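# An overview of the molecular structure
As a plain string of letters, each chain reads:
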Amino acid sequence: SLVGSEMCIRDRVSAMERSLDEQAHNLDAERDATLGVAVSGGSDSLAMLHLLHDAGWSLEAATVDHGLRSEAADEAAFVASTCEAIGVPHSTLKWRHADVARNLQDQARRARYALIRNWAHQRGIRTVALGHTMDDQAETFLMRLARGSGIDGLSGMDAVRLDQGVTWLRPFLGARRAELQSYLEAKGVTWIDDPSNADSRFDRVKTRHALEHLAPLGITPEKIAEAASHLSEARDFLNREAQALFAAHGREDRGDVILEAPAFAEAHSEMQRRTLISALRWVSGADYPPRASAVAEVTEAVAAGLQSTLHGCVLMPGETLRVTREHNAVKDTRCSTDHLWDGRWRLNGPHADDLEIRALGEAVKDTPWRETGMPRQSLLASPAVWRGDEMVAAPLAGLANGWTASATGRGNFVDFLLSR
């Protein structure tokens, strides 16, 4: 009957609302800390904003204006007014860039994460929530499948990920986009539809359309998310095995990763690959792993006792395999002494406005570096304090002058192994 049908619909809506409310309340975050939210004005992130606000979280929101469409400024203003109406502080972050000629969506994504990460650091926010849904998870899976990704790529997006001092949360990976839109409609909240989401030039839009054709075969976002979850469990097991290998036969040394060469050589090839890729990413801060072919080549070089460079790192074989930062990768990197240098180094000492952090480089010859036990190659890329052309301190090279340096910006390597 019509009445029965209406009751069934109401029951489904109520169950959906309860599920979303439960996901909003049960975040892996500190209740007494401010939670950052990245809000574009689209349905996913706007629903996340309202759900987390209604769940009682203390929020601050940020919107990135990529400067790629004339409507972007108005959309950021729309989000700002929405946040003001519910009492959530809001910031608009602008991407300053020249013309973007290649891989627009990837460059915009990288810029978006960097801007939000810097905003979080400045605001003292440790955790930022993102509005990705099960639909995004399915699209990401298929796009990575098309690129021939292995178990790590096909594990999908993580619900929790630590990166450069910020924990990224995706609280609604278990929800469909349509559910979030129904939630907003029930609240009478409008959202912005980004026209790029209908532009078939982009791979993600093509993938979205492909999903519609796969549904009759039973290949739905729910099933893809289930498969990604199984692969994620397998990935986590392999990461724990790599962590055990490192715990038994490796160590950190002042920002470098060191592995006992015999144990590394005897380890299973997957453990070699996984540990080496993690070391390269931890030292370099790279978003993505290097190409599989490049990893295979450098592994062969290490086995032959040859020093190699890859991913902005130097691999130095011997009795141990040492992975350190490459000087050429950081020679132009500079920041004030109270900021994170190269994404991981924190320096403590007598900060001053006329001081900055730069790589030590060839100035290593002016330090007592041999007394430190660190290889010269490692120290070339180590952080030093400069006043113009004058080197004030090089903590890792034995010239402290009241300064210390620690590579804590990406946490410790053991935890990093498990978080990849």
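All of the points below concern the structure found in this document. Counting starts from 1 at the beginning of each chain's written sequence and moves along it residue by residue. Reporting of local features is limited, given that this is a predicted model, to residues whose pLDDT is at least 70; pairs of side-chain atoms are given and counted only at 80 or more, and all residues count toward the totals for whole chains, interfaces and linings. Neither water nor hydrogens contribute to the side-chain values; these are computed over all heavy atoms in the structure.

Only the six-membered ring of Trp is used, alongside the rings of Phe and Tyr, when aromatic pairs are assigned; centres must lie within 6.5 Å, and planes under 30 degrees apart are stacked while those over 60 apart are edge-to-face, with the rest tilted. For the structure on display, the rule yields four aromatic pairs. Members of the aromatic cluster, each reached through a chain of ring pairs, are F246, W282, F413 and F416. Over the aromatic face of W57 sits the side chain of R31, whose NZ or CZ is 3.8 Å from the ring centroid. In this scheme, the term charge over a ring applies when either NZ of a lysine or CZ of an arginine sits within 6 Å of the ring centre and within 35 degrees of the ring normal. Sitting over the ring of W282, R344 keeps its end group 5.7 Å from the ring centre.

Salt bridge, as used here, is a side-chain nitrogen of Lys or Arg placed within 4 Å of a carboxyl oxygen of Asp or Glu. By the definition in use, this model includes 27 salt bridges. Here R325 and D342 are joined by a salt bridge, their closest N and O atoms 2.9 Å apart. With R325 in strand β11 (residues 320–325) and D342 in the loop between β12 (335–336) and β13 (345–348), this residue pair connects regions lying 17 residues apart in the sequence. Any residue under 20% of the maximum accessible area for its type is buried, any over 50% is exposed, and the rest in between are partly exposed; the area is computed with a 1.4 Å probe on protein chains only. Residue class for R325 comes out buried when judged on its relative accessible area of 8%. Across the pair R376 and E362 runs a salt bridge, and its minimum N-O distance is 2.6 Å. Here E362 lies in the loop between β14 (356–359) and α14 (376–380) and R376 lies in helix α14, a separation of 14 residues in the sequence. Overall, R376 belongs to the partly exposed group, its relative accessible area being 34%. Assessed through its relative accessible area of 49%, E362 is described here as partly exposed. Each of D44, D136, E139, R177, R204 and R208 takes part in one network of salt bridges that share partners. The way it works is that DSSP assigns letters per residue, a run of H or I at least four long becomes a helix, a run of E at least two long becomes a strand, and they are numbered from the N terminus.

Before going further, it helps to examine the packing of helix α5 (residues 134–146) against helix α9 (residues 221–249). All axes here are fitted lines through C-alpha atoms, helices being fitted over the stretch that makes contact, and every angle between N-to-C directions spans 0 to 180 degrees. With their axes 9 Å apart at the nearest point, α5 and α9 run at an angle of 70° to one another. The orientation of α5 with respect to α9, classified from their angle, is roughly perpendicular. Where α5 crosses over α9, the two elements pack in a sense that is left-handed. The residues of α9 that touch α5, namely those facing M134, D135, A138, F141 and L142, are P221, E222, I224, A225, A228 and L231. Three residue categories are used. Nonpolar comprises Ala, Val, Leu, Ile, Met, Phe, Trp, Tyr, Cys and Pro, charged comprises Asp, Glu, Lys and Arg, and polar comprises the others, including Gly. Counted by class, the contact of α5 with α9 contains nine nonpolar, no polar and two charged residues. Roughly parallel means an angle under 35 degrees; roughly antiparallel, over 145; roughly perpendicular, 65 to 115; everything else is oblique. Handedness of a crossing follows from how the near helix is turned relative to the far one, being left-handed for an anticlockwise turn of less than a right angle and right-handed for a clockwise one. Contact criterion: two residues are considered in contact whenever any of their non-hydrogen atoms come within 4.5 Å of each other.

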